[in-house]
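Residue strings, one per chain:
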Amino acid sequence: MTELFKRNRGFIISALIALTTLSPVIFIVMSGFKAEVEIWSHLKQYVLPELLKNTALLVVGVISITAVLGVTLAWLTSFYDFFGRSIFDKILLLPLAIPAYVMAFIYTGLLDFSGPVQTLIRAHLPFLSPYFPEIRSAWGVVLVISLSIFPYVYLMSSSGFRSMGRSVVEASQSLSAGKVYTLFRVTIPMARPWIFGGLVLVFMETLADFGAVSVFNYDTFTTGVYKAWYGFFSINAASLLASILVVIVLLIFLTESYFRRKQQFFNKGNPMPIQREKLNGKNAFVAFLFCASVFCLAFVIPVGQLLVWTIESFKMEISSHYIKLLGNTLFLGVIGTIVTMMVAIILAYSQRRMKDFKTGVAAKLSLAGYALPGTVLAVGMINVIAGVDRFLISFFDLFGIQISNGLLRGSLILLPFCYMVRFLTAGYNPVFSNMTRLTTSMDEASRIMKVSGAKLLSKIHLPLISRGIITGSILVLVEIMKEMPVTLMLRPFGWDTLAVKIFELTSEGEWERAALPAITLVLAGMIPIFILTFIGRDKK
Amino acid sequence: MCLSVKNINKRHDKHLSVANDISFTINDGQLGALIGPSGCGKTTMLRMIAGFEKPDSGCIHICGQQMFSHKKNTAPEKRLTGMVFQDYALFPHLTVYENITFGPSKNSKKEIEKLITMTGLSGNEKKYPHELSGGQQQRVALARALAPKPGLLLMDEPFSNLDVSLREFLSEEVRFILNEFGTTGLLVTHNQHEAFAMADQIGVMKDGKLLQWDTADNLYYKPASYDVARFVGEGSFVNASRISSGIVDSEVGSFTDNRPGDLKGIESVKLFIRPEDVFINHESSHKAKLIKSHFRGPGRFHTFELPSGDQLTCLDKCPKRLELNKDYGISVCDANVTLLN
């Protein structure tokens, strides 16, 4: 028995983690089946058609725009050289620092009827005013979400373009193929697994978005789940909607791993780097203008507007209340990070020696939480708590102890657990990639030199994986700080965070007051991007 | 003349010259090769001919057409060249057949089929590159480069990713295929045996200079300089002096010097002697001490030390037992001895 455990240790541990992280999904699907018939027919008749239409429109719109923006920018910065290229190459990732819900309220504040732009137009160009499009509309949400997440496609396409190296492009030229032919027959098709990989991320993010669509009052599945739970107080209705989302997410999740596998075929180790073609004159200007305008729209204007609002409201907002929000955010963030990183390290160790199929699948499933929209996770968690509470109540009942309220409901320990489920991937990947440097022969070498046990861990393992642990912790911490729907739905009373406060303020249209918490999150969000661009990418 | 390279110069920056006044030609249907240590500029030369890099000066003609000069720089896609890349650069998203028929070529179906048969790829047309072995990928790369019927085929270390036995087999086969198609080619390699086996004319490069452009026999037996002699094959350098017109004297005997030019007093020179031209001859008055000896495929490889301290290597094909640290008489076949300054 112990022998069996020892041999399958890696698998058993990963399988347990997978089971834990997937428990919300399992409970959602179970409880979705229990939904009352009336609820189901009500949803089917009044809610679902609209949600489906809105969600589909949003996803298709965001994917199209991010694809065009991301691929074009990556193509320009990977294959051409022009004024500012090396700077754009890095700063085009900065929009990722602005959470979509922050981008959303900034642009709403800027462009809606009482905002500065429309006021200016009414004052000086009144005849244009009736033609000004309504920002609180489908195209508004699509544009705002696209601006905040196009860097995913940009980043992935860039690494796709750069990993193919110069020789395939030259091979195409040597076969008498012109530039356009090469672009559409070689360059883009070869980068397709990366481009699609980026688009799948965009799909997940868009589907999971809760904050931005809430600002626009644009109902999608995520807000539907929230309203079903918050408005109808029907956990079963929420679960039903959530399980539809789970199915969609599952499909995307499988697509993503398909593309990731395909990248391996296309990747050929260390290719000769591309020689960038120098652009001159008009072409260089157009390339610069394009990069600059996207960067302005996605970063300079929103951050500028945030700064203006922050300065206007600073004296009012910088109060003990803000400090308390920041404290809550950091406290939850740190606890969540510790839990997440502990699980990430255990999972990485369980994967280290076991290379078999079932252990790999278990790890993949453990990490699946990043694909789960926050609202779905929260609803799943509510189901889990209800189940566990029921079990505990009947368990204590056996001993004659009566418990009226649930033990777990409204307890603070739920949030770190949810953060772990959602952000385990962010913490796991850097640790695991560091761990690949930790070969088994190193263990053997140190054993032969009579170093083992705790000493082996502290002398060999820790120094080698500590960078991964630090990077992972920062990524997880920042993700948790920006997290909105799970915290909103599961926080105990009095545990508002910056993100939750932004949600409350923006749902009342108080853009200026939301600026200070928002800029705090933007600043935090810039840390991982700096790590990514200035440390991670420079080494390549 | 299919390829003519004239006075090509190229600097990467102020200090590093990667091509220094390089000129050579390759005739129709012939295969040329550039060899040299890594970093000598041979790949850059190839890339300049293909049009991927721009020389600072000089001119390049391919099939009689000027492709590069101080006022002209034809784009790579219009240069009539085909190229086999070191990493093959196959398009991973296209099948073998799509790879071979890539680009706007006007081949008939029959011609493509012939090419596929010739290169031994029949039956693999629908596979993707990652499903093929290294040798097969190499064949696809060759077939793809030959399909547009290029005036000149450029090959950049085409066999370096293959294991030794496959490398030899394929290099012979490629030579055969090129002959069949009558294709003119230029091969870049760091492996001189590959160049010997395939090329009609070989250039030795070092530090951006083309040291010698000649046949394999001439490179081996008549190296033009110390560097060529050292790079091509094995051999020893022995100090000697020109004592009178036409005669060179050394510790291993006297040799005739048929180089033109007047003698200005006694001049010290170097003799370059191949190991297979050194014989153990007990009657010889030139003695040398055996300091090293090891078995080598055919025969044994001896290293002798001459009284002056110069070392001389000898390939003895019917070895008898020799003792280390003993003096033996040696003689040198003077037909292939090279005089170098």
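Please refer to the structure higher up on the page.
Read on for a plain summary of the structure. (Residues numbered from 1 in each chain as written. Chains lettered and ligands numbered in written order. Predicted model: local features only at pLDDT ≥ 70, side-chain atom pairs only at ≥ 80, totals over all residues. Heavy atoms only, no water.)

### Details of the overall build of chain B
So, point 1. Helix and strand content of chain B: eight helices and 21 strands.
So, point 2. Projecting the C-alpha coordinates of chain B onto the three principal axes gives extents of approximately 70 × 50 × 35 Å.
So, point 3. Counting all 341 residues of chain B, 50% fall into the buried class.
So, point 4. Sequence-distant contacts in chain B: of pairs separated by 6 or more residues, those separated by 24 or more amount to 66%.
So, point 5. Entry remark: accessible area of chain B is about 16,100 Å², with carbon and sulfur atoms responsible for 49%.
So, point 6. When the 40 basic and 40 acidic side-chain charges of chain B are each reduced to a single mean position, those positions are 5 Å apart. (Helix = DSSP H or I, 4+ residues; strand = E, 2+ residues; numbered from the N terminus. Buried < 20%, exposed > 50% of the residue type's maximum accessible area, 1.4 Å probe, protein only. Contact = heavy atoms within 4.5 Å. Areas by Shrake-Rupley, 256 points an atom, 1.4 Å probe, with all protein chains shown as cover. Lys, Arg positive; Asp, Glu negative; His and termini not counted. Charge placed at Lys NZ, Arg CZ, Asp CG, Glu CD.)

### Quick word on the overall build of chain A
So, point 1. Counting its secondary structure elements, chain A contains 22 helices and two strands.
So, point 2. At 25 Å, chain A has a C-alpha radius of gyration in line with the 24 Å of a compact globule built from 540 residues.
So, point 3. Structurally, chain A occupies a C-alpha span of about 80 × 65 × 50 Å along its principal axes.
So, point 4. For chain A, the residues scored as buried account for 53% of the 540 residues in total.
So, point 5. Counting contacts in chain A only where the partners sit at least 6 residues apart, residues at least 24 apart contribute 84% of the total.
So, point 6. Accessible surface, chain A: about 25,400 Å² in total, of which carbon and sulfur atoms supply 70%.
So, point 7. Across chain A, the centroid of the 46 positively charged side chains sits 12 Å from that of the 29 negatively charged ones. (Rg over C-alpha atoms; globule rule 2.2 N^0.38 Å.)

### As for the packing of aromatic side chains
Any pair of aromatic rings gets described here by the distance separating the centres and the angle formed by the planes.
So, point 1. Evaluated as defined, the whole model comprises 24 aromatic pairs over all chains.
So, point 2. Note on Phe295 of chain A and Phe299 of chain A: the rings are 5.5 Å apart at their centroids and 25 degrees apart in plane angle, and the pair reads as stacked. Here the residue Phe295 of chain A and the residue Phe299 of chain A both occupy positions in helix 13 (residues 281-317), the gap between them amounting to four residues, near one helical turn. Assigned by exposure class, Phe295 of chain A and Phe299 of chain A land together as buried.
So, point 3. Pairwise contacts between aromatic rings join Phe210, Tyr226, Trp229, Tyr230 and Phe503 of chain A into one cluster.
So, point 4. The positively charged end of Arg144 of chain B is found above the aromatic ring belonging to Phe91 of chain B, 4.6 Å away from the centroid.
So, point 5. Of note, Arg274 of chain B hangs over the ring of Tyr220 of chain B, and the distance from its end group to the ring centre comes to 3.7 Å. (Phe/Tyr/Trp six-rings, centres within 6.5 Å; stacked < 30°, edge-to-face > 60°. Lys NZ or Arg CZ within 6 Å of the ring centre and 35° of its normal.)

### What to know about the sheet that holds strand 16 (residues 278-280) of chain B
Residue and element names in this part refer to chain B.
So, point 1. If you trace the five strands from one edge of the open sheet to the other, you get 16-20-17-18-19, paired in antiparallel fashion. Of all strands in the sheet, those with a lone pairing partner are strand 16 and strand 19 (311-316), marking the two edges. Averaged over all pairs of adjacent strands, the angle between their axes in this sheet comes to 45 degrees, without regard to strand direction. (Pairing = 2+ DSSP bridges. Axes fitted to C-alpha atoms, helices over the stretch in contact; angles between N-to-C directions.)

### Concerning the pattern of salt bridges
All names here are of chain B.
So, point 1. Inspection of the entire model under this criterion finds 18 salt bridges over all chains.
So, point 2. One salt bridge connects Glu111 with Lys149, and the closest N-O pair in it is separated by 3.0 Å. Of the two residues, Glu111 sits in helix 3 (residues 109-118) while Lys149 sits in the loop between helix 4 (134-146) and strand 8 (152-156), which places them 38 residues apart along the sequence.
So, point 3. Using a relative accessible area of 52% as the deciding quantity, one classes Lys149 as exposed. (Salt bridge = Lys/Arg side-chain N within 4 Å of Asp/Glu carboxyl O.)

### Topic: the sheet that holds strand 9 (residues 184-189) of chain B
All names here are of chain B.
So, point 1. Across the sheet, which stays open at both edges, the six strands sit in the order 7-8-9-3-10-11 with mixed pairing between neighbours. In the strand order of this sheet, the two ends are held by strand 7 (81-84) and strand 11 (209-214), each with one partner. Each adjacent strand pair in this sheet contributes to an overall mean axis angle of 20 degrees, direction not counted.
So, point 2. Docked against the sheet, helix 1 (residues 42-50) engages strand 3 (31-35), strand 7, strand 8, strand 9 and strand 10 (201-206), running at close to 150 degrees with respect to strand 8.
So, point 3. Here helix 4 sits on the sheet and contacts strand 7 and strand 8; the angle it forms with strand 7, its principal contact strand, is near 175 degrees.

### Examining a nonpolar patch on the surface
So, point 1. Residues Phe391, Phe395, Leu398, Phe399 and Ile401 of chain A make up a contiguous nonpolar surface patch of about 570 Å² in total accessible area.
So, point 2. Inspection of the secondary structure puts Phe391 of chain A in helix 16 (residues 374-398). (Patch = residues over 30% accessible without salt bridge, like charges linked within 9 Å, V, L, I, M, F, W, Y side chains within 5 Å.)

### Let's talk about the side chain of Thr184 of chain B
All names here are of chain B.
So, point 1. Position of Thr184 relative to the elements: it lies in strand 9.
So, point 2. Looking at Thr184, its side chain comes within polar contact range of the main-chain nitrogen of Gly29, at 2.9 Å.
So, point 3. Look past the residues within four positions of Thr184 in its chain and what remains in contact with it is Cys2, Ile26, Asn27, Asp28, Gly29, Gln30, Gly151, Leu152 and Leu153. (Polar contact = N/O pair within 3.5 Å; in protein donor to acceptor, adjacent residues only side chain to side chain.)

### Some points on the layout of surface pockets
Residues and elements named next belong to chain A.
So, point 1. Here the second largest pocket is characterised by a volume of approximately 650 Å³.
So, point 2. Taken together, 24 residues make up the lining of the second largest pocket; nearest its centre are Val169, Gln173, Lys179, Gln275 and Glu277.
So, point 3. For the lining of the second largest pocket, the secondary-structure elements that each account for two or more residues are helix 3 (37-79), helix 8 (165-174), helix 9 (179-208) and strand 2 (277-278).
So, point 4. Counted by class, the lining of the second largest pocket contains 10 nonpolar, seven polar and seven charged residues. (1 Å grid on protein atoms, 1.4 Å probe; cavity = no way out; pocket = protein on both sides within 12 Å on 5 of 7 lines; lining within 4 Å. Points joined across faces, edges and corners; volume = space filled by probe spheres on them. Nonpolar A, V, L, I, M, F, W, Y, C, P; charged D, E, K, R; others polar.)

### Regarding the pairing of strand 2 (residues 17-26) of chain B
Residue and element names in this part refer to chain B.
So, point 1. Looking at chain direction, strand 1 (residues 3-11) and strand 2 are connected through six bridges and run antiparallel. Considered in strand 2, the bridge of Ser4 is made with Thr25.
So, point 2. Here strand 1 folds back onto strand 2, and the loop between the two strands holds five residues.

### As for the nonpolar core
So, point 1. Counting residues in each nonpolar core, the largest one holds 190 residues, and the members touching the most others are Val102 and Phe105 of chain A together with Leu3, Phe24, Ile49 and Leu186 of chain B.
So, point 2. Looking at this core, the element that brings in the most residues is helix 3 of chain A, giving 15 residues.
So, point 3. Core analysis: the second largest hydrophobic core is formed by 39 residues, Ile177, Ala199, Val204 and Val228 of chain B among them. (Core = buried A, V, L, I, M, F, W, Y, C linked by side-chain atoms within 4.5 Å.)

### What to know about the side chain of Thr21 of chain A
Residues and elements named next belong to chain A.
So, point 1. Mapped onto the elements, Thr21 comes out in helix 2 (residues 9-33).
So, point 2. For Thr21, a relative accessible area of 1% translates into the label buried.
So, point 3. Non-local contacts of Thr21, meaning those with residues more than four positions away in its chain, are made with Leu365, Ser366, Met420, Val421 and Leu424.

### So, helix 8 of chain A
So, point 1. Most of helix 8 of chain A is tucked away: 10 of the 10 residues are buried.
So, point 2. What helix 8 of chain A keeps buried is the set Gly165, Arg166, Ser167, Val168, Val169, Glu170, Ala171, Ser172, Gln173 and Ser174 of chain A.
So, point 3. Tucked inside the fold, the buried residues of helix 8 of chain A contact helix 3, helix 7 (138-163) and helix 9 of chain A together with helix 1, strand 7 and helix 4 of chain B.
So, point 4. Trailing helix 8 of chain A by a residue or two, Ser176 of chain A shows a phi angle of about 65 degrees, which is positive.

That is the geometry; function is a separate question.
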